[in-house]
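Geometric and topological summary
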Amino acid sequence: MFQDLIRHTRVLAIVGDILKVRAKNVGFGDLALVENWDGEESLAQVIQLEGDEVSLQVFAGGRGISTDAKVRFLGHSMQVTYSPNILGRVFRGSGEPIDNGPMLSGDPRIDIGGPSVNPTMRILPKNMIHTKVPMIDLFNCLVESQKIPIFSIAGEPYNQLLARIGIQTDADIIVFGGMGLIFDDYHFFRTTFEKEGVFSRVVMFVNQASDPLVERLLVPDMALKVAERLAIEEGKRVLVLLTDMTAYADALKEIGIAMERVPANRGYVGDLYSQLAQRYERACDYQDAGSVTILTVTTMPGDDITHPVPDNTGYITEGQFYLHNGTIDPFGSLSRLKQQVIGKVTREDHSQIMNTMVRFYSAAKDAEKKQAMAFELSPFDRRALKFGELFHQRFMNIEVSIPLDEALDLSWQTLAECFEPQELLMKQALVDKYCPKEHATNAR
């Protein structure tokens with residue numbers, strides 16, 4: 001209990017942002033205050049213990065720190081403010097507000113990290129989160145308590161898609177975590193949430209590219225701990241948006257190199273899978289409480305799905321949304337939990353419409369290949385090409401915003417404009433009930 005009164009002066013080494021000292025009775029993840037020779041202080045966190053040798057990651061960086069620095073351990077791990085006052089606020093990775101609002105030093109704080117939820121509190125996913133993005137709601141539903149990434153590459157509008165989902169979702173609370181964001185991206189998310197009138201139910205934790213690397217590692221833990229408390233104590237349906245998990249993994253890699261750890265695949269830390277799983281497994285639908293759903297961005301360097309970050313992520317999560325050429329690809333995307341809600345909490349025709357639309361879009365892609373090779377097109381090929389154009393325009397554009405039932409009706413209309421009822425190969429009762437009676441199948 002007197003640990004925070006003891007100053008350790010035996011600095012063994014300074015490697016980049018890593019400070020090594022000798023100390024006892026220190027826990028992994030504990031915070032420390034590093035006081036430099038000129039009186040300046042900076043927070044640091046214990047990231048490795050080897051006997052009495054303690055390695056600290058200095059939040060403000062190691063530049064300017066002398067071996068004469070003094071270290072004082074605070075006796076607790078990193079904490080985050082949790083109170084009703086955090087809604088509509090923006091915090092940096094150290095937990096301090098950066099939105100020029102009032103300081104929350106008097107508000108309760110909770111430890112981040114810790115074990116995931118007791119499995120006995122988990123219930124089977126059974127509710128859908130509506131995003132009004134037709135390529136998600138219609139074809140790969142986002143289900144409460146799901147953990148699912150958006151796989152993409154640099155230059156794709158994944159942040160725009162993430163923001164759109166945030167402002168259109170029917171979740172109660174949005175917890176946003178940004179890692180290694182350039183200022184333009186941070187400003188985009190904040191102004192978008194404000195302009196769309198949802199900022200009052202948003203909590204933002206932001207690590208910018210110019211901020212200390214260690215704060216990048218703290219952002220997911222802060223966001224998920226706050227989301228967990230909101231779900232359990234307030235009964236809220238919380239959607240956590242994290243971007244970019246590859247930046248998080250790169251931060252782990254950089255610290256691993258500084259710590260001289262033996263690298264694994266492509267230089268990443270050997271426990272990359274465990275580090276990612278520890279965060280993703282926070283997704284949960286709680287018994288007699290709310291839920292935490294996790295939607296992340298995972299960029300793939302070189303569009304390489306075998307890159308360690310997306311490769312490990314695929315084993316942890318329940319599917320993926322594949323953002324390609326500015327659209328959510330219906331072939332590369334998958335939601336493994338969609339069967340929990342399709343036809344159960346959605347309309348009876350949802351399953352057949354979803355399958356039929358993808359089948360005809362596949363036919364449209366085949367017709368495009370035949371057209372590109374100058375093969376003669378059949379009447380069906382021409383109708384498929386027309387369907388492909390309408391499908392891309394009405395559904396695949398990420399700017400399109402349609403409630404699910406309207407998207408289902410539009411699907412029937414699109415099918416009716418291109419194909420005869422007998423070509424749909426769907427249950428006749430559904431065709432009679434939902435298919436428009438007038439058809440426009442004059443495509444040539």
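Cut-offs applied
- Residues numbered from 1 in each chain as written.
- Predicted model: local features only at pLDDT ≥ 70, side-chain atom pairs only at ≥ 80, totals over all residues.
- Heavy atoms only, no water.
- Helix = DSSP H or I, 4+ residues; strand = E, 2+ residues; numbered from the N terminus.
- Buried < 20%, exposed > 50% of the residue type's maximum accessible area, 1.4 Å probe, protein only.
- Contact = heavy atoms within 4.5 Å.
- Polar contact = N/O pair within 3.5 Å; in protein donor to acceptor, adjacent residues only side chain to side chain.
- pLDDT = per-residue confidence, 0-100.
- Pairing = 2+ DSSP bridges.
- Phe/Tyr/Trp six-rings, centres within 6.5 Å; stacked < 30°, edge-to-face > 60°.
- Lys NZ or Arg CZ within 6 Å of the ring centre and 35° of its normal.
- Expected span 1.5 Å × (residues − 1).
- Salt bridge = Lys/Arg side-chain N within 4 Å of Asp/Glu carboxyl O.
- Right-handed = clockwise from strand over helix to strand, strands pointing away.

**Here's the deal with the environment of L87**
Note on placement: L87 falls in the loop between β8 (79-81) and β9 (89-92). On the basis of relative accessibility, which here comes to 30%, the residue L87 falls in the partly exposed class. Residues L87 and I174, spaced 87 residues apart in sequence, show a C-alpha to C-alpha distance of 9.3 Å. Every residue in contact with L87, bar those within four places of it in the chain, is listed here: I173, S200, R201, V202 and V203.

**Quick look at unusual backbone geometry**
For the bond running from T243 to D244, omega is 10 degrees, close enough to zero to count as cis. On the secondary structure map, D244 appears in the loop between β16 (237-243) and α5 (245-258). Despite not being glycine, S145 has its phi angle at roughly 80 degrees, a positive value. The class for S145 is buried, based on a relative accessible area of 7%. Although it is not a glycine, D303 sits at a positive phi angle of roughly 55 degrees.

**Things to note about the environment of R22**
Within the secondary structure, R22 is located in strand β3 (residues 18-22). In this structure, the C-alpha to C-alpha distance between R22 and L142, residues 120 residues apart in sequence, is 49 Å. Setting aside residues no more than four positions away along its own chain, R22 makes contact with H8, R10, L12, D52 and E53. Within the structure, the side chain of R22 is placed 3.0 Å from the side chain of D52, a separation counted as a polar contact.

**Details of helix α2 (residues 158-168)**
Counting buried positions along α2 yields 10 of 11 residues, so the element is predominantly enclosed. Of the positions making up α2, those classed as buried are Y158, N159, L161, L162, A163, R164, I165, G166, I167 and Q168.

**Side note on the confidence of the model for the chain**
Averaged over all residues, the pLDDT of the chain equals 89, while 97% of them reach at least 70. Across residues 440-444, where pLDDT falls below 50, the model places 13 contacts with residues more than four positions away in sequence or in other chains.

**Thoughts on the sheet that holds strand β1 (residues 7-8)**
Taken in spatial order, the seven strands line up as β1-β7-β4-β5-β6-β3-β2 in an open sheet, and their pairing is antiparallel. A single partner strand is all that each edge strand has here, and the edge strands are β1 and β2 (11-15). Here β2 runs beside β3; their pairing, made up of four bridges, is antiparallel. When the sheet's bridge partners are listed, V15 is paired in β3 with I18.

**Focus: the packing of aromatic side chains**
Taken as a whole and judged by the stated rule, the model has 17 aromatic pairs. A ring pair is formed by F189 and F193, whose centres lie 6.2 Å apart and whose planes are at 40 degrees; its orientation type is tilted. In this pair, F189 and F193 both sit in helix α3 (residues 183-195), four residues apart, roughly one turn of the helix. The pair F189 / F193 is uniform in exposure class, with both members buried. On the numbers, 4.0 Å between centres and 15 degrees between planes, the contact of F360 with F419 is stacked. Of this pair, F360 sits in helix α8 (residues 350-372) while F419 is found in the loop between α10 (404-418) and α11 (428-434), placing the two residues 59 residues apart along the sequence. Side by side, F360 and F419 carry an identical accessibility label, which is buried. Through a chain of ring-to-ring contacts, the aromatic side chains of F139, F331, F360, Y361, F380, F387, F391, F395 and F419 assemble into a single cluster. Here the basic side chain of K253 rests over the ring of Y268, its NZ or CZ set 4.6 Å away from the ring centre. One Lys or Arg, R359, reaches over the ring of F360 and ends 4.8 Å from the middle of that ring.

**Topic: the environment of A416**
Position of A416 relative to the elements: it lies in helix α10. Taking relative accessible area as the criterion, A416 reaches 2% and is therefore assigned buried. Spatially, the C-alpha atoms of A416 and E196 are 35 Å apart, while their sequence positions differ by 220 residues.

**Some remarks on α5**
Compared with an ideal rise of 1.5 Å per residue, which puts 14 residues at 20 Å, α5 spans 20 Å between its outermost C-alpha atoms and is within 8% of the ideal. When α5 is considered as a whole, its buried residues turn out to be M245, T246, A247, Y248, A249, A251, L252, I255 and G256. At the N-terminal boundary of α5, the capping side chain belongs to D244, with an oxygen 2.9 Å from the backbone nitrogen of T246. Taken from the residues just after α5, E260 is the one with a positive phi, measuring 60 degrees.

**Thoughts on the pattern of salt bridges**
Tallied over the full model, the rule gives 23 salt bridges. Among the ionic pairs, R237 bridges to E144, the shortest N-O distance being 2.5 Å. Of this pair, R237 sits in strand β16 while E144 sits in the loop between β12 (142-143) and β13 (147-152), and the two are 93 residues apart along the sequence. Taking relative accessible area as the criterion, R237 reaches 19% and is therefore assigned buried. One salt bridge connects R190 with E194, and the closest N-O pair in it is separated by 3.3 Å. Linking R190 with E194, this pair stays in helix α3, spanning four residues, or about one helical turn. The exposure class assigned to E194 is partly exposed, which follows from its relative accessible area of 38%.

**A word on the pairing of strand β15 (residues 202-208)**
The buried count for β15 comes to seven of seven residues, which makes it a mostly enclosed element. Of the two faces of β15, the one carrying V202, M204, V206 and Q208 and the one carrying V203, F205 and N207 are both buried. One ladder, built from seven bridges, connects strand β14 (residues 173-181) with β15; its direction is parallel. Bridge pairing in β15 places G178 opposite V206. Traced from β14 through α3 to β15, the parallel crossover comes out right-handed.

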